[in-house]
Structures are given as structure tokens and as C-alpha cells.
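# Coordinate inspection notes
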Amino acid sequence: MNHPPLKDIRVLDLTRVLAGPWATQMLADFGAEVIKIEKPGEGDDTRGWGPPFVKNADGSEGDAAYFHSANRGKKSVCIDMAKPEGASLIKALAAQADILVENFKVGGLAKYGLDYLALSTLNPRLIYCSITGFGQDGPYANRAGYDFMIQGMAGVMSITGEPGGEPQKMGVAFSDVFAGLHAMIGIQAALYAREKTGLGQHIDISLLDSQVSVLANQAMNYLVSGKVPKRLGNAHPNIVPYQTFETADGHIIMAVGNDRQFGEYCKLIGAPHLGEDTRFTTNRGRVEHRDVLIPALRPFMKARSTAEWTQVFEAASVPCGPINTIDQVFENPQVKARGLLRELEAADGSKVPTVSGPVVFSGAERTDARPSPRLGQDTESVLKDLLNLSAEDAQGLRDKGIVS
């Protein structure tokens with residue numbers, strides 16, 4: 001079995017909450033050594049963002065499930081960067097790192113000498129990724145940015161929710177998650193560029209940029225037409241019928257993506273006349289006449305249960321699907337077959353469930369075999385192995401509150 005693709009890459013993780021940790025968790029999944037720097041006695045805010053909390057082996061309450069969602073595979077080192085000796089330790093670690101990821105406010109690390117200019121002078125090969133709400137420049141650069149705010153400012157909430165209802169955010173902090181993914185993509189591109197130039201670079205990731213960039217067809221619909229997209233509930237602005245329908249016992253998602261599928265769909269539900277109606281034979285016509293077509297389809301869809309319709313449509317290759325609750329997701333046979341749910345064992349023997357990363361490499365086993373670290377569990381080993389600090393020196397730093 002080959003090594004994971006980022007084996008021998010070292011990452012210094014100065015992030016907390018979600019966007020940054022999401023990126024560095026993926027780096028760990030891909031085989032990188034990720035050293036998470038946390039404040040002594042406190043750590044990442046999300047360690048306390050519960051309930052629920054993962055239980056330790058002795059039954060005591062451990063860290064919040066939220067923290068475990070974005071920190072698997074990392075090492076935790078507690079260093080107080082606000083103290084000069086602590087900042088010096090982080091600089092020494094940065095000198096040996098390939099990648100540094102941080103999500104402080106713009107300029108927030110300069111006062112510690114941990115900004116890109118200072119560290120790139122120390123280590124020209126360093127790839128330094130900054131994740132902020134609004135980016136390193138522009139009139140909003142110094143503002144704090146949070147996922148909920150960004151979903152509103154970037155327009156996604158204006159197109160999410162029922163027509164006439166209030167705007168809705170997504171059920172997961174997708175501004176953070178998308179920013180983390182874009183950071184990961186940018187870091188990998190910078191690693192490739194470094195192979196040619198020998199030099200690292202500064203990557204500027206903004207939650208706002210990231211969220212606006214993934215407005216996708218909705219952004220282009222506006223830019224081309226000049227019409228502001230509105231909330232359509234579970235309907236699609238460009239495809240009809242592509243939405244939920246009420247069935248005899250619940251709801252089903254129909255994703256009828258082309259004209260052939262629509263004709264077949266109409267036959268299956270017992271409404272062939274709708275499939276032959278010239279107003280509906282093309283997707284363009286169906287979009288233009290959705291106000292007539294959708295009400296006409298609804299009575300037919302109520303005739304059978306969700307399970308019955310699913311069986312009928314799948315047999316005819318007409319795309320459809322149920323709306324699963326989270327527990328049903330993890331009981332899904334495909335989710336099980338793909339190994340998305342795993343149980344990791346911590347050093348104390350406690351079991352920690354995790355959702356494996358979605359990228360599967362043919363030449364490497366999954367590397368998410370190490371659960372999220374306890375606060376400061378790797379401080380001593382990292383200081384010894386990477387900085388050659390003796391036990392006495394480390395104890396002296398602990399006595400001063402610089403490390404823990």
C-alpha cells in the first residue's frame with residue numbers, strides 16, 4: 001500500500017472553530033502531520049460547544065461533538081503566543097513547517113511576529129493560508145465575519161426558504177465549510193507551485209468570497225437576466241419538475257432533469273396527457289408554465305407512498321429520492337458500504353465516532369485513524385521531537401504558563 005499523498009508534509013494549525021479546522025482536518029486526512037496550536041487552559045472554543053459531549057473512558061465528560069467534527073487526526077500543543085517565549089516557540093515550529101493556516105483578524109498575528117512577512121522571511125518555503133470573514137483588503141477587511149452573517153450578506157439566505165416566508169440559513173455552517181474547502185484547494189495548488197519555484201506564498205481566503213463564488217447558476221441567472229432570484233422553497237429556478245412532492249405518507253424528491261425523463265415520469269404516475277402537452281414537452285416550457293404544471297402533478301403524486309414511488313421510479317431510471325433524517329442517513333446501505341461512519345479509539349481507550357472524509361485514493365488507506373486530540377496531549381512530544389527541548393526546559397515553560 002502506498003503512502004497517503006501528503007505524508008511528510010507538516011502543518012502548523014493556528015485556527016479555531018470551523019472554517020480553518022475543516023481545512024486542516026482534510027490535510028490530516030490526506031496524511032499530513034497537523035500540529036494544532038491552542039491556548040493553555042482554554043483551547044479551541046468548540047471544545048465547549050455542547051451538549052452533546054464525547055465521553056472519556058472513565059465516563060467523565062470530554063470535548064463537545066462539535067470539536068470532534070473538525071479536528072480528527074491532529075496533534076494538540078498548548079502554547080501561549082501572547083508571551084514572547086511562546087511566540088518564539090511557534091516561530092521555531094513555523095521554521096520547520098510546510099504550511100501554516102490561521103484565521104485571526106487581518107493583521108492580528110503581526111504583533112506576535114507571526115504574520116506572513118515575518119515567517120516567510122524565516123522560512124521562504126512556507127505556504128501561509130489566512131482565512132478571514134472578508135479578506136485581507138477592501139472596506140470590510142477589519143470586520144469580524146461569522147457564518148450566519150456571511151450566508152445573509154452573500155445572498156444565499158435570500159434564495160433559501162419558502163416563497164413568501166422568511167429567509168433561511170442552511171442547516172450546516174456552509175460558509176465556513178466552503179471556505180475550508182477552498183483553503184484546502186488553494187493550499188494544494190500552492191504545494192504544486194512550490195515544487196517548481198521552491199517558494200511558498202500567502203493564500204487569502206475570505207468567507208464572503210467563498211460564499212459568493214458558489215452562488216453558481218443563481219448568480220449567473222441574475223447577471224444574464226438582470227432579474228433578482230427569489231425563494232422557491234424546494235423548487236429549482238431552471239429545471240421543472242425538480243422539487244419535493246407530497247405522497248400518500250410523506251414526501252419525495254423528484255429530479256426530472258430532461259425531456260425524456262419527463263415523458264416517462266408522466267406515464268408512470270398515470271398522467272401521459274401531461275407528457276404530451278406541448279406546453280410541457282421541453283424544459284423551457286415547463287419552467288415557463290410551472291404554475292400550471294406543478295398543481296396538475298400533485299394529485300397524482302399523492303396516490304402512492306414514498307416507498308412505492310421510489311421503487312417505481314428507480315426501476316424506470318427516473319431520478320427520485322427520500323428525505324432522510326440524520327439517523328436514516330447512517331443506516332443507509334450505501335453510506336455503510338462506503339465506510340463513512342467509523343469509530344476511532346483514543347489513547348485512553350474511549351471510542352469516538354467520526355464521519356470519514358469523502359476523498360478515497362486508490363493508492364492509500366484512509367488515514368483518519370486518530371481521533372481529535374485532548375487539549376495539550378502532544379505538547380511535550382512535539383517540543384522534544386521538533387525543538388529538542390529537554391524535560392527540564394519544558395517544565396520551566398509550564399511553570400511560567402507558556403505551555404501546558
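Before reading further, recall that the structure is shown in the block above.
Residues numbered from 1 in each chain as written. Predicted model: local features only at pLDDT ≥ 70, side-chain atom pairs only at ≥ 80, totals over all residues. Heavy atoms only, no water.

## A short note on the overall build of the protein chain
If you tally the helices and strands in the protein chain, you get 17 helices and 13 strands. In the protein chain, which comprises 404 residues, the proportion classed as buried is 44%. Across the protein chain, every contact between residues at least 6 apart in sequence was considered, and the portion connecting residues at least 24 apart equals 69%. Here the protein chain displays about 20400 Å² of accessible surface, and carbon together with sulfur accounts for 54% of that area. (Helix = DSSP H or I, 4+ residues; strand = E, 2+ residues; numbered from the N terminus. Buried < 20%, exposed > 50% of the residue type's maximum accessible area, 1.4 Å probe, protein only. Contact = heavy atoms within 4.5 Å. Areas by Shrake-Rupley, 256 points an atom, 1.4 Å probe, with all protein chains shown as cover.)

## Structural notes on unusual backbone geometry
A cis amide bond, omega 5 degrees, links glycine 50 with the succeeding residue proline 51. As for its position among the elements, proline 51 is in the loop between strand 2 (33-38) and strand 3 (53-55). The phi dihedral of valine 17 falls on the positive side, at around 70 degrees, and the residue is not glycine. You can see valine 17 is positioned in the loop between strand 1 (10-14) and helix 1 (19-29). Within the chain, asparagine 388 stands out as a residue other than glycine whose phi angle is a positive 55 degrees. Locating asparagine 388 in the fold gives a position in the loop between helix 16 (379-387) and helix 17 (391-399). Given a relative accessible area of 66%, asparagine 388 falls into the exposed group.

## Focus: helix 3 (residues 84-94)
Residues Gly86, Ala87, Leu89, Ile90, Leu93 and Ala94 constitute the buried set of helix 3. The buried residues of helix 3 occupy an angular sector of 155 degrees when the element is viewed end-on, so they sit on one face. Packing partners of the buried residues in helix 3 comprise strand 1, strand 2, strand 6 (99-102), helix 4 (116-122), helix 16 and helix 17. (Arc of directions from axis to C-beta.)

## Describing the side chain of aspartate 176
Topologically, aspartate 176 is positioned in helix 6 (residues 174-197). The buried charged residue aspartate 176 lacks any salt bridge, with lysine 169 as its nearest oppositely charged partner at 10 Å. When neighbours within four sequence positions are excluded, aspartate 176 is seen to be in contact with Leu18, Ala19, Asp147 and Leu207. (Lys, Arg positive; Asp, Glu negative; His and termini not counted. Salt bridge = Lys/Arg side-chain N within 4 Å of Asp/Glu carboxyl O.)

## Structural notes on the packing of helix 1 against helix 6
Orientation of helix 1 relative to helix 6, taken along the N-to-C sense of each, is 45 degrees, at an axis distance of 7 Å. In this view, helix 1 runs oblique relative to helix 6, as classed from their interaxial angle. The two elements helix 1 and helix 6 cross, and the hand of that crossing is right-handed. In this structure, helix 1 uses Ala19, Trp22, Ala23, Met26 and Leu27 to contact helix 6, whose residues at the interface are Asp176, Val177, Ala179, Gly180, Leu181, Ala183, Met184 and Ile187. Looking at the contact of helix 1 with helix 6 residue by residue, the class counts come to eleven nonpolar, one polar and one charged. (Axes fitted to C-alpha atoms, helices over the stretch in contact; angles between N-to-C directions. Parallel < 35°, antiparallel > 145°, perpendicular 65-115°, else oblique. Left-handed = near helix turned anticlockwise from the far one by under 90°. Nonpolar A, V, L, I, M, F, W, Y, C, P; charged D, E, K, R; others polar.)

## Examining the packing of aromatic side chains
Any two aromatic rings considered together are summarised by their centre-to-centre distance and by the angle between their planes. Scanning the entire structure with this criterion turns up eight aromatic pairs. On the numbers, 5.7 Å between centres and 65 degrees between planes, the contact of tyrosine 116 with tyrosine 128 is edge-to-face. Placement of tyrosine 116 in helix 4 and of tyrosine 128 in strand 7 (residues 127-132) is noted, with a sequence separation of twelve residues between them. Given the relative accessible area of 24%, tyrosine 116 is considered partly exposed. Ring geometry for tyrosine 265 against phenylalanine 313: centres 5.7 Å apart, planes inclined by 40 degrees, an arrangement best described as tilted. Taken as a pair, tyrosine 265 in helix 9 (residues 259-268) and phenylalanine 313 in helix 13 (residues 306-315) lie far apart in primary sequence, 48 residues in all. With respect to burial, tyrosine 265 and phenylalanine 313 carry one shared label: buried. Taken together, the ring pairs in this structure connect Phe262, Tyr265, Trp309 and Phe313 into an aromatic cluster. Arginine 16 extends its terminal NZ or CZ atom over the ring of phenylalanine 104, reaching a point 4.4 Å from the ring centre. (Phe/Tyr/Trp six-rings, centres within 6.5 Å; stacked < 30°, edge-to-face > 60°. Lys NZ or Arg CZ within 6 Å of the ring centre and 35° of its normal.)

## Quick notes on the pairing of strand 12 (residues 341-345)
Strand direction decides the pairing type here: strand 12 and strand 13 (residues 351-355), joined by five bridges, are antiparallel. Within strand 13, the residue paired with glutamate 345 across the bridge is lysine 351. Remark: five residues form the turn of the hairpin made by strand 12 and strand 13, two consecutive strands paired antiparallel; glycine 349 in that turn has positive phi of roughly 90 degrees. (Pairing = 2+ DSSP bridges.)

## What about the sheet that holds strand 11 (residues 320-321)?
A sheet is described by the order of its strands in space; here three strands give the open sequence 9-10-11, paired in antiparallel fashion. Among the strands making up the open sheet, the edge pair consists of strand 9 (242-246) and strand 11. The pairing of strand 10 (residues 251-255) with strand 11 spans two bridges and is antiparallel. The residue of strand 11 that forms the bridge with methionine 254 is cysteine 320.

## Digging into a nonpolar patch on the surface
On the surface, a cluster of nonpolar side chains totalling about 540 Å² of accessible area is made up of Met220, Tyr222, Leu223, Val224 and Val228. The exposure class assigned to methionine 220 is partly exposed, which follows from its relative accessible area of 48%. (Patch = residues over 30% accessible without salt bridge, like charges linked within 9 Å, V, L, I, M, F, W, Y side chains within 5 Å.)

## With respect to the side chain of glutamine 261
Tracing the backbone through its elements, the reader meets glutamine 261 in helix 9. In this view, glutamine 261 contacts Ala255, Val256, Ser317, Val318 and Pro319; residues no more than four positions away in its chain are not counted.

## A closer look at the environment of valine 382
Along the chain, valine 382 falls in helix 16. Given a relative accessible area of 2%, valine 382 falls into the buried group.

By themselves, these figures tell us nothing about what the structure is for.
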